[in-house]
Amino acid sequence: MTEDPAEKTAESVSNGTSATAESDDEHDVTETTPVRRRTVLKGLAASGGVGAFGAGALSGEATAASTTQESDGWSMKEPQMYTPWTGDVGPENAHPEYPRPQMERKQWQNLNGVWQFSGASEGEEPPIGEDLDESILVPYPVESGLSGVKRHETWMWYRRAFSVPDEWIVPTAHSDEDVENNPNSQRLLLHFERVDWEATVYVNGQKVTSHKGGYDHFVADVTDALTSEGDQELVVGVFDPTSVNSKPIGTQPKGRQGEGTGYKGEGTLEMTPSSGIWDTVWLEPVPDSHVTNLDMTPDLSEDVLRLTVDATNEDVTAVATAYIDDEKVGRVTGGVGEELELPVPDPHLWSPDDPFLYDLRVDLRREQDGEDGGKLLDRVESYFGMRSIGKESYGNTARPTLNGETLWHLGTLESGQWPDGLYTAPTDEALRYNLEAQKELGYNMVRKHVKVEPRRWFYHADQLGLLVWQDMPNMHEGFDTPPRDEATLEHFKKELIEMVTEHDNHPSMAVWIPINEGWGINNDNLDYQRELTALVSELDPERLVDPHSGYDVGSNHDPGVGDIKDVHQYGTPWYQIPEPEPDRISALGEYTSTSLVVEDHHWGECDSPSSAEEFVAQYVERVEALEKFMVSRSMSASVYTATTGLENVCNGIITYDREVVKPTLADDGLRRVRDAHASIIKASRDLMGNVQFDFDVPSTYDVSDGAEPFEVTATLMNPESGSDVAVEDVDMRLGGLPDSWTITPTTETSFESVGDGESVSATWEITPDSTAAGDIELDGTIDYVVNGEQYQYTNTWVLSAARLVYYRYENSNADSSSYDNPFTNHGATFDDTTAAEGDYSLQFDGTDDYIQLNDFGEGILHDAFTERTFETWLAPESTSGLQAIYSEGGIYNGMGVRLNDGTLQASVATNGQTVTVDSAFDVSGWTHVAAVFDNGALRLFIDGEQVAENPDVGYSRVPGHVAATAIGGSVTSNPWGDGRENFFGGNLDATSIYTVALSAADIAENATQN
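Residues numbered from 1 in each chain as written. Predicted model: local features only at pLDDT ≥ 70, side-chain atom pairs only at ≥ 80, totals over all residues. Heavy atoms only, no water.

A. Up close: the overall build of the protein chain. Check the secondary structure of the protein chain and you find 8 helices and 61 strands. Relative to its 1010 residues, the protein chain shows a buried fraction of 61%. Put simply, of all contacts in the protein chain between residues at least 6 apart along the chain, 67% involve residues at least 24 apart. (Helix = DSSP H or I, 4+ residues; strand = E, 2+ residues; numbered from the N terminus. Buried < 20%, exposed > 50% of the residue type's maximum accessible area, 1.4 Å probe, protein only. Contact = heavy atoms within 4.5 Å.)

Okay, here's the thing in structure tokens:
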């Protein structure tokens, strides 16, 4: 870069700061001054290594500065916690850096510093010409300690004076005739980088603009509101209705702001809100004809940067020049509003390993022949990176690519909350530190969680080399949001468009995320989610879209579109993995590990279940597991929760006050974490496009009629990719079964080489022990070499006995299957006067009796399934009304059997799509009933005969489900989704549930065994 805009700092913040343009027409070359290091960035030497930034990136602890500055009535209020940068903040150091690094002009004035402030009420007249009672330090939110206010206001006023520098040629601000008649006269723009949420701006009593949106920049041309006598008066009114996030307020996207743990609430996900001005306010003089926007798209296939220059005047010429230091790389001249092709021969590609940036100068000139055109009208400096973001399908799996090569996206979930400045980092150095620390820890990606950072944050990500997954801030938290009105949905869309279009030039930007866990939208509004996905893809076709991060959480559903399938998991097991698809990338969008609480470095109440050693050990173990999932389950990305601690949240890898990087507290912890990260990233380059595995392992075994042998087949594929990479020295083996079981290979199990587009398979015959019971584990291992590196794939499968439940009701709650899992009885009675099998049956009164399955203590009846059989003998008292016989799961995902006014019905449901088959049913004593789901086919049997079938219900798999499994009643949710609690009246006997789809012959045989 020619110049770091951070160096354009304030000379006098209280009166605004300015820098003046040089008059020469040559390319300016200035050495970049690196961001100053603090003691918190002491280096890795003490931890046993030096990282990408040399000695100076991470340390275990630092002493927070606690001094305060006081000026113009402002003084800092006690923050939640001090950070190493808190004491640096003051009127002379309130984010003085240049705020728009990708379109920099030399003339500008920073208006950050001490402003007048007061709370207000709705409908209040603006305080034009009136002093306000308090002082506030802009740009820190009013709730923050750094602001000097530290309270929430829904309505508020800001006021300050500013002067227009004499060297700026703004006629309305000067009485000098030379300025008034100068042909190079300028307009004056007033910029607000971020104001939350609705702002109304007055200059000298004249309203110049209003804006809704807390996460995007807006600008006003204030030229015509200026006075040539004395200072200019600036008044800003702000309305920010941030409140309890479970109560939607208007149309406001606000992320996790609310009456949270640091404000009024307790035990919530919300955090202290950030109201009012929370990013830089600045002035900029521009000529009448000036650049308004740059749109940049690198094209590696043509070695060009596709550049569109927007300007206020079409009758001008744009001249764009790319540089490396002071050496010209390429130049293009053309009209504004047109896509220009700027040559970048033999481009030096941007990547996390090598975040190389080109300098860019764009001139506006009078239309005139010649390479440089005519008179210079306007000039902006910028930068760009040459890289491509994409995805490729390898076999049946989509993988993310960077510059055409596969790459695992390894990141953390960063909320961007600070204990001293809340949404606003105390200094630019602090803003950069979060990214530096992640880079130094070995991550290559950061997911910005329901907040949009200032433009300088993206600039730092570009410089440091971190891919960005960017969330759109939600309207409010909550999974069961009522339907939104059209105006609300349209405003959310408007702010989403602003977010994308403001940041789509950054080489670091990789993935857009419109929705997180269904927050703020109605969960059933899948059409709206698909509309947002299509909108973002159209706005920015160069990047990937993750339409709904955490679509599996709560009652949400997969919208089925976009580039990424993204699930979240915080329970047991600690991971979930979406099924691979050829056009959607599988990602674990949020997961975590055991928390580590560092004494005196957390805010609020946190449990600390682990030591530093346990924290690092479990973290590394989980990253190593993710590396295995890369090939075993076709996963491609992961996001660890979280980057830092938060209010009452302590699972960050860095403490909330940014003083402790937790891995440094364990022996060799930093190296172990970095090595795990380096391993998974290297493996992604070697394996994601070259290795896929498929093990054909049955989910069940059957010993009901003696030991039945079965086959297991392992396949290694090298998907066709056009590369010459071979998978070599392949060795496959099975193990882990009880000693009494036999494993016999029936094919070769070792292979010398597997070339591009080739595959190899090995098969074994396995014979169980006829006395086997319950769940059995089978281990599979494949050793192989890629690019000279030795890799090993391991996996363990659990084989279940085919029959999960067998309730005989012989005066006992016992389970007669091999699992020995008794049921919980809710009112049903054992009846010895009638039975279909044995001496007893179970009688239900039809009012509130039912039994509930305990799921073997492992939730097996909550698991996804492709095959399921339910069978029972029943003797109903009548067939009238709704009578639930079996209810597993609910309307979103589940299976059930019931009587419905003279018909017998069997249903399955997936993502709210319920399919039912039915048949007439009469009361005729004991009747055998069976329902079978078989990879998309749904069948119903009565007394061993098939009476109804839907051969294709539209899905082959019922996903995991959370509602209880009950027999004799529907008491929570049910597959029919009618929300009705109903019960069976009569007797049931010999009830079984199977993990397999029984054949018609099996069911016919079972129907005769009473």
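Once you've had a look at it, read on.
B. Broad picture of the pairing of strand E6 (residues 134-138). For E6, the tally of buried residues reaches 4 of 5 residues, placing the bulk of the element in the interior. Looking at chain direction, strand E5 (residues 113-119) and E6 are connected through 5 bridges and run antiparallel. Across the sheet, Val114 pairs through a bridge with Leu137, a residue of E6. (Pairing = 2+ DSSP bridges.)

C. Region of interest: helix H2 (residues 428-441). In this model H2 runs 20 Å from its N-terminal to its C-terminal C-alpha over 14 residues, within 8% of the 20 Å that 1.5 Å per residue would give. Its maximal kink placed at Asn434, H2 deviates by approximately 25°. In terms of burial, H2 is largely enclosed, as 14 of its 14 residues are buried. In the segment just after H2, Gly442 is the residue with positive phi, at about 105°. (Expected span 1.5 Å × (residues − 1). Bend = angle between axes of the 7 residues up to and from the residue.)

D. Examining the packing of aromatic side chains more closely. One pass over the full model with this rule turns up 36 aromatic pairs. When the centroid spacing of 5.2 Å and the interplanar angle of 10° are considered together, the rings of Tyr358 and Phe384 count as stacked. Note that Tyr358 is positioned in strand E21 (residues 358-366) and Phe384 in strand E22 (residues 376-384), a separation of 26 residues in sequence. As far as the burial class goes, Tyr358 and Phe384 line up, both buried. Considering the side-chain rings of Trp574 and Tyr591, the 5.5 Å spacing of their centres and the 45° angle between planes classify their relative orientation as tilted. Of this pair, Trp574 sits in the loop between strand E33 (564-568) and strand E34 (585-591) while Tyr591 sits in strand E34, and the two are 17 residues apart along the sequence. Here Trp574 and Tyr591 have matching classes, each one buried. Of note, Lys451 hangs over the ring of Tyr423, and the distance from its end group to the ring centre comes to 4.8 Å. Geometry around Phe615 places Lys662 over its ring, the cationic atom sitting 5.9 Å from the centre. (Phe/Tyr/Trp six-rings, centres within 6.5 Å; stacked < 30°, edge-to-face > 60°. Lys NZ or Arg CZ within 6 Å of the ring centre and 35° of its normal.)

E. Just the sheet that holds strand E52 (residues 893-900), in detail. A sheet is described by the order of its strands in space; here 7 strands give the open sequence E46-E49-E58-E51-E52-E53-E54, paired in antiparallel fashion. The open sheet has two edge strands, strand E46 (824-826) and strand E54 (913-920), and neither has a second partner.

F. Spotlight on a negative patch on the surface. A surface patch of like charges, here negative, comprises Asp694, Asp696, Glu711 and Glu765. Counting through the fold element by element, Asp694 comes out in strand E36 (residues 692-696). (Patch = residues over 30% accessible without salt bridge, like charges linked within 9 Å, V, L, I, M, F, W, Y side chains within 5 Å. Areas by Shrake-Rupley, 256 points an atom, 1.4 Å probe, with all protein chains shown as cover. Salt bridge = Lys/Arg side-chain N within 4 Å of Asp/Glu carboxyl O. Lys, Arg positive; Asp, Glu negative; His and termini not counted. Charge placed at Lys NZ, Arg CZ, Asp CG, Glu CD.)

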